Amino acid sequence: MLETAIRAARVAGQILIEELNKAQVIRSKGFRNIVTEVDYKAEAAILEILQAAYPDHAILSEEAGANEGKGHSRYLWVVDPLDGTTNYAHHYPVFSVSISLYHDDEPLLGVVYEPNQRLLFHAERNKGAYLNDRPIHVNTAPDLTRAIGGFSVPYEPPARELLVKLMGLILPHIVTVRSIGSAALSLCLVAAGWIDFYIQPSLHPWDAAAGALIVREAGGTVTNFAGECWHLTDATLLASNGLLHNQVRKFVSLAWNEGCNK
């Protein structure tokens, strides 16, 4: 199954690279939310590979939506063919392909492929996390004064307001922050120890389905803003090296409570 996911991710990644500098047909899916023709092309390639290998499995994909397969399978593939569409549409070369497999709502494997630098992150449950087949681990920064944070800017105004509040509260206490425009890839940065935590106040299942498992298998912690283990149905996410998790979550709670009491 892992080999199939990796092959699908690489095929989709090659399509993204080949089409990157070509003129794109861009459509709006909603407020500040766009889709390109390449999203659909990469997705079609992934789905063709997955459905040929596992025709009975269900699939949840960003553009195609839900497909129950040929039966009521307990297996669910969660696919984001292009995470970072806004970057891609502006020819900004930071984006990724994300593919994961769940069984009875539990993650079995996750693959995130960044095709520009050919960075292939993957993990299987209880088998560790890897970057280009080398083991990766979260770093060991013990306090916020040594931490680099990551975040993604959500589309919705309320979620943006929450993020602004949070940044105002936490920035005085950390080294700096980074925003790269791909939730899946940002989670892998935590897993690799390149950043110390990542915050996303509004996301969809396919944004984090693979990356969350990769972080956990690298020794990190992934929860929703309430501190519960992150699940596909959760719209908020906080990932960290584990050591910093409660420290970061205190600031998340402050910002969240301020928003609720507004």
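Just above, that's the structure.
Every residue gets a number counted from 1 within its own chain, in the order that chain's sequence is written. Selection of residues for local features in this predicted model requires a pLDDT of at least 70, selection of side-chain atom pairs for listing and counting requires 80 or more, and totals for whole chains, interfaces and linings are taken over all residues. For side-chain calculations, the full set of non-hydrogen atoms in the structure is used, while hydrogens and water are omitted.

Let us now look at the nonpolar core. Counting 38 residues, the largest nonpolar core has Phe121, Ile136, Ile214, Trp230 and Leu237 as its most contacted members. Secondary structure elements are taken from DSSP: a helix is a run of H or I of four residues or more, a strand is a run of E of two residues or more, and numbering for both begins at the N terminus. Those elements that place two or more of their residues in this core are strand 8 (119-124), strand 9 (129-131), helix 5 (183-192), helix 6 (205-217) and strand 15 (237-240). If one sorts the elements of this core by residue count, helix 5 sits on top with nine residues. Contacts were defined at the residue level, with two residues in contact if any of their heavy atoms lie within 4.5 Å. Setting aside chain neighbours within four positions, we find Ile136 in contact with Phe121, Ala129, Tyr130, Leu131, Ala191, Ala192, Ile214 and Ala218. Only buried Ala, Val, Leu, Ile, Met, Phe, Trp, Tyr and Cys residues count toward a nonpolar core, and they belong to the same one when joined by side-chain atoms within 4.5 Å. Each residue is placed in one exposure class: buried if its accessible area under a 1.4 Å probe, protein chains only, is under 20% of its type's maximum, exposed if it is over 50%, and partly exposed if it falls in between.

Attention shifts here to the packing of aromatic side chains. Any pair of aromatic rings gets described here by the distance separating the centres and the angle formed by the planes. Under the pairing criterion, centres of Phe, Tyr and Trp rings, with the six-membered ring standing for Trp, must be within 6.5 Å; the plane angle then separates stacked pairs below 30 degrees from edge-to-face pairs above 60, leaving the rest tilted. Applying the stated criterion across every chain, the model contains three aromatic pairs. Their ring planes at 75 degrees and their centres at 6.1 Å tell us that Phe121 and Trp194 sit as a pair that is edge-to-face. You can see Phe121 sitting in strand 8 and its partner Trp194 sitting in the loop between helix 5 and strand 13 (197-200), a full 73 residues away along the chain. A residue is classified by how much of its surface remains accessible, and Phe121, at 0% relative accessible area, is buried. Sitting over a ring, as applied to charges here, requires NZ of Lys or CZ of Arg to be within 6 Å of the ring centre and within 35 degrees of the ring normal. For Arg10, the ring lying beneath its charged end belongs to Tyr113, and the centroid distance is 5.4 Å.

Looking now at the packing of helix 1 (residues 2-19) against helix 2 (residues 37-53). Simply put, an axis is a line fit to the C-alpha atoms, just over the touching stretch for a helix, and the angle between two N-to-C directions goes from 0 to 180 degrees. At their nearest, the axes of helix 1 and helix 2 sit 9 Å apart, and the two run at 160 degrees to each other. As summarised for this structure, helix 1 and helix 2 are arranged roughly antiparallel, according to the angle between their axes. When you trace helix 1 past helix 2, the crossing you get is right-handed. Seen from helix 1, the contacting residues are Thr4, Arg7, Ala8, Val11, Ala12, Ile15, Leu16 and Glu19; seen from helix 2, they are Val38, Lys41, Ala42, Ala45, Ile46, Ile49, Leu50 and Ala53. Split into classes, the residues belonging to the contact of helix 1 with helix 2 amount to twelve nonpolar, one polar and three charged. In this scheme, roughly parallel covers angles under 35 degrees and roughly antiparallel covers those over 145, while 65 to 115 is roughly perpendicular and the rest are oblique. Left-handed is the label given to a crossing in which the near helix is rotated counterclockwise from the far helix by less than a right angle, and right-handed is the label when the rotation is clockwise. Here the term charged refers only to Asp, Glu, Lys and Arg, the term nonpolar to Ala, Val, Leu, Ile, Met, Phe, Trp, Tyr, Cys and Pro, and the term polar to all other amino acids, Gly among them.

Now for unusual backbone geometry. Of note, the phi angle at Arg118 is positive, near 55 degrees, even though the residue is not glycine. One can find Arg118 in the loop between strand 7 (106-114) and strand 8.

A word on the pattern of salt bridges. Any Lys or Arg side-chain nitrogen found within 4 Å of a carboxyl oxygen on Asp or Glu counts as a salt bridge. The full count for this structure, using the stated rule, is three salt bridges. A salt bridge links Glu19 to Lys41; the shortest N-O distance between them is 3.0 Å. One end of the pair, Glu19, is in helix 1; the other, Lys41, is in helix 2, and 22 residues separate them in sequence. Judged by its relative accessible area of 44%, Lys41 falls in the partly exposed class.

A separate point is the layout of surface pockets. Approximately 170 Å³ is the volume attributed to the second largest pocket. A 1.4 Å probe that fits into a set of points on a 1 Å grid over the protein atoms alone but cannot get out defines a cavity; an open set with protein on both sides within 12 Å along at least five of seven lines defines a pocket, and lining residues are those with an atom within 4 Å of a point. Taken together, 13 residues line the second largest pocket, and the ones lying closest to its centre are Glu106, Pro107, Arg216, Cys229 and Trp230. If you list the elements that add at least two residues to the lining of the second largest pocket, you get strand 7 and helix 6. With three residues, helix 6 is the largest single contributor of residues to the lining of the second largest pocket. In terms of residue class, the lining of the second largest pocket is made up of six nonpolar, two polar and five charged. Grid points are joined across faces, edges and corners, and a volume is the space filled by probe spheres set on the points.

In this section: the environment of Pro172. Its location among the elements puts Pro172 in the loop between helix 4 (157-170) and strand 12 (176-178). Spatially, the C-alpha atoms of Pro172 and Trp206 are 32 Å apart, while their sequence positions differ by 34 residues.

So, about the environment of Trp230. Structurally, Trp230 can be placed in the loop between strand 14 (221-223) and strand 15. The spatial distance from the C-alpha of Trp230 to the C-alpha of Leu185 is 17 Å, given a sequence separation of 45 residues. Once you skip the residues sitting within four places of it in the chain, Trp230 turns out to touch Tyr102, Leu203, Pro205, Ala208, Ala209, Ala212, Arg216, Val222, Thr223, Asn224, Thr236 and Leu237. Any pair of N or O atoms that falls within 3.5 Å is considered a polar contact. Within protein, one atom must be able to donate a hydrogen and the other to accept it, and sequence-neighbouring residues count only if both atoms are side-chain atoms. In this structure the side chain of Trp230 is engaged in a polar contact, spanning 3.4 Å, whose partner is the backbone oxygen of Asp234.

Now for helix 1. Here helix 1 contains 18 residues, and its C-alpha end-to-end distance of 26 Å stays within 8% of the 26 Å for a straight helix at 1.5 Å per residue. When helix 1 is considered as a whole, its buried residues turn out to be Leu2, Thr4, Ala5, Ile6, Ala8, Ala9, Ala12, Gly13, Ile15, Leu16 and Glu19. Helix span is expected to be 1.5 Å times the residue number reduced by one.

Strand pairing is assigned whenever DSSP detects at least two bridges linking the two strands. In space, the five strands of this open sheet follow the order 12-11-13-15-14, with mixed pairing throughout. For this open sheet the edge positions go to strand 12 and strand 14, each flanked by a neighbour on one side alone. Across the sheet, the mean angle separating the axes of adjacent strands is 20 degrees when strand polarity is ignored. Inspection of the sheet shows strand 13 paired to strand 15 by four bridges, in the antiparallel sense. Residue Ile199 lies in a different strand from strand 15, and its bridge partner there is Leu238.

None of this, on its own, says anything about what the molecule does.
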